[in-house]
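The chain contents come next:
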Amino acid sequence: MTGEQVDLAADWSGSMMGNAARDPYYLAVLSAEIAASPGHEGPIQAKCLSCHAPMAAYEAKAAGGSLTLADLRTSDLGKDGVTCALCHRIEPDNLGPGGASYTGNFIIGNETGSERRIYGSYADVATAPMINRLAFTPVHGAHVSDSGLCGTCHSLLTEAIDPVSNELTGIRFPEQMPYKEWLASSYANSASPRPCQSCHVPESAGPVRLS
């Protein structure tokens, strides 16, 4: 051990995911999209915030509504961006190249209290600390190490707008497709496939001090 601090929460707080809902460049692009198509402000906000502020967006959707930028200003869940809990709570049901989970259409379990499952890559874990402190039950989920999990938000399909009528056309445009690019790459199609996580969430080369 080198003595360097390895604090997952600190690493996350300064990351692009931790600042996904507050990043000034993202907010500027979102404002420009709304200014270009003001008649579709609601759907534009809902689509973008579903992945940039997914916890608050999912909560709003479950309540029968959709998250807006105005809501975001007063939402602690929203301003936290893409949190650890969000990704580790995603169910494996609709993940993968079929496309059902694309554009933020992931599924979160509807359990309550300590029955809420939170998935990790380890099969043999001590469950009591997390149950007692956070009311989450940690369980093994192989899907958290699969690129299909990343594909839920890193596959963005947007509905094209007719430039003349300014109406939605029903045509889905593949705006951002990193997951599909991975599927077609040598990382996915080799004798030893490497998921997104192998580079973006690499394992430590040796033991580290967690606290």
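The structure reproduced in this document is the subject of the present report. (Residues numbered from 1 in each chain as written. Predicted model: local features only at pLDDT ≥ 70, side-chain atom pairs only at ≥ 80, totals over all residues. Heavy atoms only, no water.)

**A look at the overall build of the protein**
Right, so step 1: In terms of regular secondary structure, the protein is built from 11 helices and four strands.
Right, so step 2: By the compact-globule yardstick of 17 Å for 211 residues, the protein fits well, its C-alpha radius of gyration being 19 Å.
Right, so step 3: When the backbone C-alpha atoms are referred to their principal axes, the protein occupies close to 60 × 45 × 35 Å.
Right, so step 4: Within the span of the protein, comprising 211 residues, buried residues form 32% of the whole.
Right, so step 5: Summed over its atoms, the accessible surface of the protein is roughly 13,100 Å², and 57% of this surface lies on carbon and sulfur atoms.
Right, so step 6: Mean positive and mean negative side-chain charge positions of the protein (13 and 22 charges, respectively) differ by 4 Å. (Helix = DSSP H or I, 4+ residues; strand = E, 2+ residues; numbered from the N terminus. Rg over C-alpha atoms; globule rule 2.2 N^0.38 Å. Buried < 20%, exposed > 50% of the residue type's maximum accessible area, 1.4 Å probe, protein only. Areas by Shrake-Rupley, 256 points an atom, 1.4 Å probe, with all protein chains shown as cover. Lys, Arg positive; Asp, Glu negative; His and termini not counted. Charge placed at Lys NZ, Arg CZ, Asp CG, Glu CD.)

**Structural notes on the packing of helix 2 (residues 24-36) against helix 3 (residues 41-52)**
Right, so step 1: One can describe the packing of helix 2 onto helix 3 by two numbers: an axis separation of 9 Å at closest approach and a directional angle of 160 degrees. One element, helix 2, and the other, helix 3, form an angle in the roughly antiparallel class. Along this stretch, helix 2 crosses helix 3, giving a crossing that reads as right-handed. Counting all contacts with helix 2, which are made through Tyr26, Leu30, Glu33 and Ile34, the residues of helix 3 involved are Glu41, Ile44, Gln45, Cys48, Leu49 and His52.
Right, so step 2: Split into classes, the residues belonging to the contact of helix 2 with helix 3 amount to six nonpolar, two polar and two charged. (Axes fitted to C-alpha atoms, helices over the stretch in contact; angles between N-to-C directions. Parallel < 35°, antiparallel > 145°, perpendicular 65-115°, else oblique. Left-handed = near helix turned anticlockwise from the far one by under 90°. Contact = heavy atoms within 4.5 Å. Nonpolar A, V, L, I, M, F, W, Y, C, P; charged D, E, K, R; others polar.)

**Side note on the environment of Asp23**
Right, so step 1: Relative to the helices and strands, Asp23 is located in the loop between helix 1 (8-13) and helix 2.
Right, so step 2: On a C-alpha basis, the gap between Asp23 and Gly81 in space is 9.5 Å, while along the polypeptide they are 58 residues apart.
Right, so step 3: A polar contact is formed between the side chain of Asp23 and the backbone nitrogen of Tyr26, at a distance of 2.9 Å. (Polar contact = N/O pair within 3.5 Å; in protein donor to acceptor, adjacent residues only side chain to side chain.)

**Some remarks on the nonpolar core**
Right, so step 1: Counting 13 residues, the largest nonpolar core has Leu30, Ile34, Leu49, Ala53, Leu67, Leu69 and Leu72 as the members making the most contacts within it.
Right, so step 2: Sorting the residues of this core by element identifies helix 2, helix 3, helix 4 (54-62) and helix 5 (69-72) as the ones contributing at least two each.
Right, so step 3: Setting aside residues no more than four positions away along its own chain, Leu72 makes contact with Ala21, Leu49, Ala53, Gly78 and Lys79.
Right, so step 4: Counting residues in hydrophobic clusters, the runner-up holds nine residues, among them Leu86, Ile90, Val144 and Leu149. (Core = buried A, V, L, I, M, F, W, Y, C linked by side-chain atoms within 4.5 Å.)

**Here's the deal with the pattern of salt bridges**
Two side chains of opposite charge can pair, provided their charged atoms sit close to one another.
Right, so step 1: Scanning all chains against the criterion turns up three salt bridges.
Right, so step 2: Salt-bridge contacts for Glu91 lead to Arg117; the nearest nitrogen and oxygen are separated by 2.9 Å. In this pair, Glu91 sits in the loop between helix 7 (84-89) and strand 1 (117-120) while Arg117 sits in strand 1, placing the two residues 26 residues apart along the sequence.
Right, so step 3: The partly exposed category is assigned to Arg117, whose relative accessible area is 30%.
Right, so step 4: A salt bridge links Arg117 to Glu111; the nearest nitrogen and oxygen atoms lie 2.8 Å apart.
Right, so step 5: Several salt bridges share partner residues, and in doing so they unite Arg89, Glu91, Glu111 and Arg117 into one network. (Salt bridge = Lys/Arg side-chain N within 4 Å of Asp/Glu carboxyl O.)

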